[in-house]
Amino acid sequence: MFTLEGHTAIVTGGASGIGLATVEMLAKLGANVVVADVNTDAGNAVAQRLKEAGGQAIFVSTDVSSSYDVEALVNQAVQAFGSLEILMHFAGIGLEQHALDTTRENWDRIIGINLTGSFLMMQAAGREMVKRGYGRIVAMSSMAGVRGGTGRTAYGASKGGVAAMMRVMAVEWAKSGVTVNALSPGGIETALVKKMHDDETRRAYLAGIPMDRYGTPEEVAAAAVCLALPQSAYITGVNLPVDGGFDAAGVIKDS
Ligand SMILES: NC(=O)c1ccc[n+]([C@@H]2O[C@H](COP(=O)([O-])OP(=O)(O)OC[C@H]3O[C@@H](n4cnc5c(N)ncnc54)[C@H](O)[C@@H]3O)[C@@H](O)[C@H]2O)c1
């Protein structure tokens with residue numbers, strides 16, 4: 001019943017972590033996959049691997065904070081496969097820095113890639129989808145954009161901004177057959193988290209997660225793919241936690 005045969009999906013950040021797990025899941029469901037990333041070597045290798053396994057895939061080297069790259073990416077996806085049904089916009093970077101230490105340079109870098117990049121990507125894909133009257137956009141917010149964790153001034157602001165923008169686009173495009181949703185993962189075991197979470201952060205985080213573990217990239221990919229199915233037509237404007245119960249929890253006792 002659940003297939004994405006004939007659907008074309010752009011996955012930004014598709015060379016690593018959550019994006020990579022999503023690329024693999026989309027390919028298994030039969031989608032044509034456009035892997036987009038700044039990491040050219042890894043992105044090319046992913047697309048090559050999918051093709052060798054009999055899938056339809058291309059890699060497009062893309063910096064999502066560049067309007068030029070983003071326009072070129074959407075054009076190449078449509079040229080290669082004839083249409084664009086799905087955007088999984090997962091490219092992003094992390095930063096752990098307290099409010100008083102956050103430099104203007106770091107603020108601009110995080111906002112430029114995570115928030116402005118999301119605007120450019122969602123607008124460019126949305127334009128194509130609204131024109132054709134169908135689309136599924138899944139953006140990447142974060143629990144850091146919902147809750148006030150320490151060290152997340154710039155990162156949390158960028159992710160909270162993504163959720164706000166997602167809601168506006170969901171409402172504006174609601175009559176056009178285009179759904180727009182976001183995911184808010186908690187701690188997910190990826191390269192980004194290895195850099196951002198030291199032992200102290202891990203201990204503090206685990207104390208607030210009812211499932212008492214970090215998530216896997218595949219568990220986030222499953223949520224993303226669910227929102228991208230044609231059957232998920234009545235879900236829009238949702239910022240879905242994928243967090244082992246972190247957002248739901250209050251005081252957690254063992255007994
Ligand atoms: N891992 C987590 O715990 C977690 C939690 C909440 C949200 N997120 C978000 O999920 C997304 C994916 O994170 P991940 O953990 O898989 O990280 P990751 O570092 O494994 O993957 C991120 C990918 O984005 C690419 N990228 C970075 N900047 C780019 C740019 N300017 N243009 C194009 N590609 C770029 C990287 O090359 C990389 O392949 C990010 O937006 C991140 O903020 C992650």
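Please refer to the structure placed before this passage.
Below you will find a few notes about this structure. Note that the structure is predicted; figures quoted are calculated from it, not measured.

Procedures and definitions
Residues numbered from 1 in each chain as written. Predicted model: local features only at pLDDT ≥ 70, side-chain atom pairs only at ≥ 80, totals over all residues. Near = placed C-beta within 6 Å. Helix = DSSP H or I, 4+ residues; strand = E, 2+ residues; numbered from the N terminus. Nonpolar A, V, L, I, M, F, W, Y, C, P; charged D, E, K, R; others polar. Pairing = 2+ DSSP bridges. Axes fitted to C-alpha atoms, helices over the stretch in contact; angles between N-to-C directions. Contact = placed C-beta atoms within 7 Å. Buried ≥ 20, exposed ≤ 12 C-beta atoms within 10 Å, placed from the backbone. Parallel < 35°, antiparallel > 145°, perpendicular 65-115°, else oblique. Left-handed = near helix turned anticlockwise from the far one by under 90°. Expected span 1.5 Å × (residues − 1). Right-handed = clockwise from strand over helix to strand, strands pointing away.

1. Here we look at the site of the ligand
As a structural note, the neighbourhood of the ligand is formed by 30 residues, with Gly-13, Gly-17, Gly-92, Thr-190 and Leu-192 the closest of them. Looking at the shell around the ligand, the elements with two or more residues in it are helix H1 (17–28), helix H4 (104–132) and helix H6 (191–196). Broken down by class, the residue content of the shell around the ligand amounts to 14 nonpolar, 14 polar and two charged.

2. Brief notes about the sheet that holds strand E5 (residues 135–140)
Taking strand neighbours across the sheet as the criterion, the seven strands line up as E3-E2-E1-E4-E5-E6-E7 in an open arrangement whose pairing is parallel. In this open sheet, the two strands that pair with only one neighbour each are strand E3 (57–61) and strand E7 (239–242). Going from strand to strand, the sheet's axes swing by 20° on average, the running direction of each strand aside. Direction of pairing for strand E1 (residues 8–12) relative to strand E2 (residues 32–37): parallel, over a ladder of five bridges. Residue Thr-12 lies in a different strand from E2, and its bridge partner there is Ala-36. Relative to the sheet, helix H3 (residues 67–81) contacts E1, E2 and E3, its axis offset from that of E1 by approximately 150°. Of the strands in this sheet, E1, strand E4 (86–89), E5 and strand E6 (178–185) touch H4, which is tilted by about 175° from E5.

3. A few points about the environment of Ala-170
As for its placement among the helices and strands, Ala-170 is situated in helix H5 (residues 153–172). In this structure Ala-170 comes out as buried when scored by C-beta crowding, with 21 C-beta atoms within 10 Å. A C-alpha to C-alpha distance of 16 Å links Ala-170 and Ala-224, two positions 54 residues apart in sequence. Aside from chain neighbours lying at most four places away, what touches Ala-170 is Thr-179, Val-180, Thr-236 and Gly-237.

4. Structural notes on the packing of H1 against helix H8 (residues 217–228)
Running from N to C, H1 and H8 point in directions that differ by 55°, and their axes come no closer than 8 Å. Between H1 and H8, the angle is such that the two are oblique. As for the relative orientation of H1 and H8, their crossing is right-handed in sense. Between H1 and H8, the contacting residues are Gly-17, Ile-18, Leu-20, Ala-21, Thr-22, Met-25 and Leu-26 on the first element and Pro-217, Glu-218, Val-220, Ala-221, Ala-222, Ala-224 and Val-225 on the second. Of the residues assigned to the contact of H1 with H8, the class counts are 11 nonpolar, two polar and one charged.

5. Some points on H5
Think of an α-helix as turning once every 3.6 residues; residues three or four places apart then point the same way. Spanning 20 residues, H5 covers 29 Å between terminal C-alpha atoms, matching the ideal 28 Å at 1.5 Å per step. Listed in full, the buried residues belonging to H5 are Thr-153, Ala-154, Tyr-155, Gly-156, Ser-158, Lys-159, Gly-160, Val-162, Ala-163, Met-166, Met-169 and Ala-170. Looking at the packing, one finds that the buried side of H5 touches H4, E5, E6 and E7.

6. So, unusual backbone geometry
The phi angle at Asp-212 is positive, at roughly 60°, despite the residue not being glycine. Relative to the elements of secondary structure, Asp-212 occurs in the loop between helix H7 (199–206) and H8.

7. Some details on the pairing of E5
Among the six residues in E5, six count as buried, and that is most of the element. In E5, alternate side chains face the same way, and those of Gly-135, Ile-137 and Ala-139 on one face and Arg-136, Val-138 and Met-140 on the other are all buried. Both E4 and E5 contribute to a ladder of four bridges, which runs parallel. Each residue of the ladder has a partner; that of Leu-87, found in E5, is Ile-137. For the crossover that starts at E4, traverses H4 and ends in the parallel E5, the hand is right-handed. As judged from the six bridges shared by E5 and E6, these two strands associate in the parallel manner. Across the sheet, residue Arg-136 finds its bridge partner in E6, namely Thr-179. For the segment spanning E5, H5 and E6, crossover handedness is right-handed.

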